[in-house]
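Geometric and topological summary
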Amino acid sequence: MPWRVGPSDRKAGVLPDPYAVWMSEIMLQQTTVAAVRDYHRKFLALWPTVGDLAAADDADVMAAWAGLGYYARARNLLKCARAVVAEHDGVFPDSYEQLLKLPGIGPYTAAAVSAIAFDRPETVVDGNVERVMARLHDIHAPLPGSKGELTTKAQALTPQSRPGDYAQAVMDLGATICTPRNPACGICPWRDPCAARLAGTAAELPKKTPKKKTPTRFGIVYVARRTDGAWLLETRPEKGLLGGMLGWPGSEWGDEPEENPPYEADWQPLNAEARHTFTHFHLRLKIMVDYADIDATPLRGTFLTPDVFSPTALPTAMRKVFDLAHMTLRDN
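All values reported here derive from a predicted model rather than from experimental measurement.

1. A short note on the overall build of the protein
Per the secondary structure count, the protein includes 13 helices and 6 strands. For the protein, the C-alpha atoms occupy an extent of roughly 70 × 45 × 30 Å along the three principal directions. Going through the 332 residues of the protein one by one, you find that 46% of them count as buried. Residue pairs at least 24 apart in sequence account for 68% of intrachain contacts in the protein once pairs closer than 6 positions are excluded. Total accessible area computed for the protein in this model is approximately 17100 Å², and 52% of it derives from carbon and sulfur atoms. Averaged over its 37 positive side-chain charges, the protein has a centre that lies 9 Å from the centre of its 39 negative ones.

Here's what the structure looks like:
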């Protein structure tokens, strides 16, 4: 993990970069390490310091984020970087309380940055730590209701010495040994005191409140390509899903979306729909396509020529639309 500094390096005086640690924690929210690793390297190459990121163009950052999902995190990344520059002279504060005041930083991220970057004895509790604590203490109360109890148990174990190394060690324990399925209890360093192992209940913990069925929403998108190869796109509103990202003009998402074309034309439906799953719902998009005249004047959106538009700048849901539509609207 490129944002980490190992214990031996720490002992030699190498300190973690708070900017790199903060960025990793924002990226890792609801995303795997495997997916984040390359994005983290790319962002640090493009914007090596928090000042560089604060000065970046919003569209460039959103485009670089495309494919990582949960785009509100990218907007918060920019807001936080700009707050650090404006309010803290480009230096991340080292306390939990001050970090918590920054945009996009909640209790978990504040604790993680404070412990890992600054070695403050804060209690870091992610899903891995919750699982370890539930098994270590054989706690059967289901999540999310048991989160407070699990945090209290984790807090009791957080040391004053090297809390940053400890926090990462417990998260790694959950990620590699105390795994959701088939935990490797035989090689676990906490094997002996683990109450769930002794009770034979480790594999069933932590328990969770049953999830509600994921609803499905529907929408209509309009994909137009002009005779010079330009595509009609719009920047989505800052608030809401995919906020600030490029996308295709379309309807609201709901049970029965209303047609809302960006201009009058003989729009033709594709014999395929784009499907994407967000955190709380499934999305199904009907795709309407049109070859636009060179003098077409849309009511919303802008035609972007190939020299300024790349489909890689699209969020995943909108890229799926492009992948389906571009074969129909390929070059004449």
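2. Notes on the environment of proline 298
Within the secondary structure layout, proline 298 lies in the loop between β5 (282-292) and β6 (302-304). In the structure, proline 298 is positioned 36 residues away from proline 262 in sequence and 5.4 Å away in space, judged by C-alpha atoms. Not counting residues up to four positions away in its chain, the partners in contact with proline 298 are Leu232, Pro262, Tyr263 and Phe303.

3. Topic: the side chain of arginine 226
Tracing the backbone shows arginine 226 in strand β1 (residues 216-226). Setting aside its immediate chain neighbours within four residues, arginine 226 contacts Ala292, Asp293, Ile294, Phe303 and Thr305.

4. A short note on unusual backbone geometry
For the bond running from leucine 143 to proline 144, omega is 5°, close enough to zero to count as cis. Assignment of secondary structure puts proline 144 in the loop between α9 (127-136) and α10 (147-157). Backbone torsion omega between leucine 205 and proline 206 reads -5°, so that peptide bond is classified as cis. Tracing the sequence through the fold places proline 206 in the loop between α12 (195-199) and β1. At aspartate 89, a residue that is not glycine, the phi angle is positive and equals roughly 55°. Relative to the assigned elements, aspartate 89 resides in the loop between α6 (72-88) and α7 (96-100).

5. Quick look at the side chain of glutamine 168
Here glutamine 168 lies in helix α11 (residues 163-176). Among the residues examined, glutamine 168 registers a relative accessible area of 8% and is labelled buried. Polar contacts involving the side chain of glutamine 168 include one to the side chain of arginine 4, which spans 3.0 Å. Ignoring anything within four residues of it in the chain, the contact list for glutamine 168 reads Arg4 and Ile116.

6. Focus: the pattern of salt bridges
Using the criterion set out here, one finds 13 salt bridges in the structure. The salt bridge partner of aspartate 165 is arginine 162, with a shortest N-O separation of 3.0 Å. A relative accessible area of 13% places aspartate 165 in the buried class. By relative accessible area, arginine 162 is classed as partly exposed at 48%. Where glutamate 273 meets arginine 275, a salt bridge forms, and the shortest distance between an N and an O atom there is 2.7 Å. Taking the relative accessible area as the measure of exposure, glutamate 273 reaches 27% and is therefore partly exposed.

7. Brief notes about the pairing of strand β4 (residues 268-277)
The pairing of β4 with β5 spans 7 bridges and is antiparallel. Within β5, the residue paired with alanine 274 across the bridge is leucine 285. In textbook terms, the turn of a hairpin is the stretch between consecutive antiparallel strands, and for β4 and β5 this stretch comprises 4 residues.

8. Here we look at the environment of alanine 195
Residue placement: alanine 195 occurs in helix α12. Exposure remark for alanine 195: the relative accessible area of 27% places this residue in the partly exposed category. Separated by 62 residues in sequence, alanine 195 and methionine 133 have C-alpha atoms that sit 10.0 Å apart. Ignoring anything within four residues of it in the chain, the contact list for alanine 195 reads Arg135, Leu136, His137 and Asp138.

9. Looking at the packing of aromatic side chains
Using the criterion set out here, one finds 14 aromatic pairs in the structure. A ring pair is formed by phenylalanine 43 and tryptophan 65, whose centres lie 5.9 Å apart and whose planes are at 85°; its orientation type is edge-to-face. Here phenylalanine 43, found in helix α3 (residues 33-46), pairs with tryptophan 65, found in helix α5 (residues 58-65); they are 22 residues apart in sequence, far enough to count as distant. Grouping residues by exposure puts phenylalanine 43 and tryptophan 65 together as buried. Ring centres of tryptophan 248 and phenylalanine 322 lie 6.5 Å apart, and the angle between their planes is 5°; this geometry places the pair in the stacked category. On the criterion of sequence distance, the pair formed by tryptophan 248 in the loop between β3 (246-247) and β4 and phenylalanine 322 in helix α13 (residues 316-325) is long-range, its members being 74 residues apart. For tryptophan 248, a relative accessible area of 1% gives the class buried. On the basis of relative accessibility, which here comes to 10%, the residue phenylalanine 322 falls in the buried class. Across the ring face of phenylalanine 281, the terminal group of arginine 217 is positioned such that the distance to the ring centre comes to 4.0 Å.

Conventions used here
Residues numbered from 1 in each chain as written. Predicted model: local features only at pLDDT ≥ 70, side-chain atom pairs only at ≥ 80, totals over all residues. Heavy atoms only, no water. Helix = DSSP H or I, 4+ residues; strand = E, 2+ residues; numbered from the N terminus. Buried < 20%, exposed > 50% of the residue type's maximum accessible area, 1.4 Å probe, protein only. Contact = heavy atoms within 4.5 Å. Areas by Shrake-Rupley, 256 points an atom, 1.4 Å probe, with all protein chains shown as cover. Lys, Arg positive; Asp, Glu negative; His and termini not counted. Charge placed at Lys NZ, Arg CZ, Asp CG, Glu CD. Polar contact = N/O pair within 3.5 Å; in protein donor to acceptor, adjacent residues only side chain to side chain. Salt bridge = Lys/Arg side-chain N within 4 Å of Asp/Glu carboxyl O. Pairing = 2+ DSSP bridges. Phe/Tyr/Trp six-rings, centres within 6.5 Å; stacked < 30°, edge-to-face > 60°. Lys NZ or Arg CZ within 6 Å of the ring centre and 35° of its normal.

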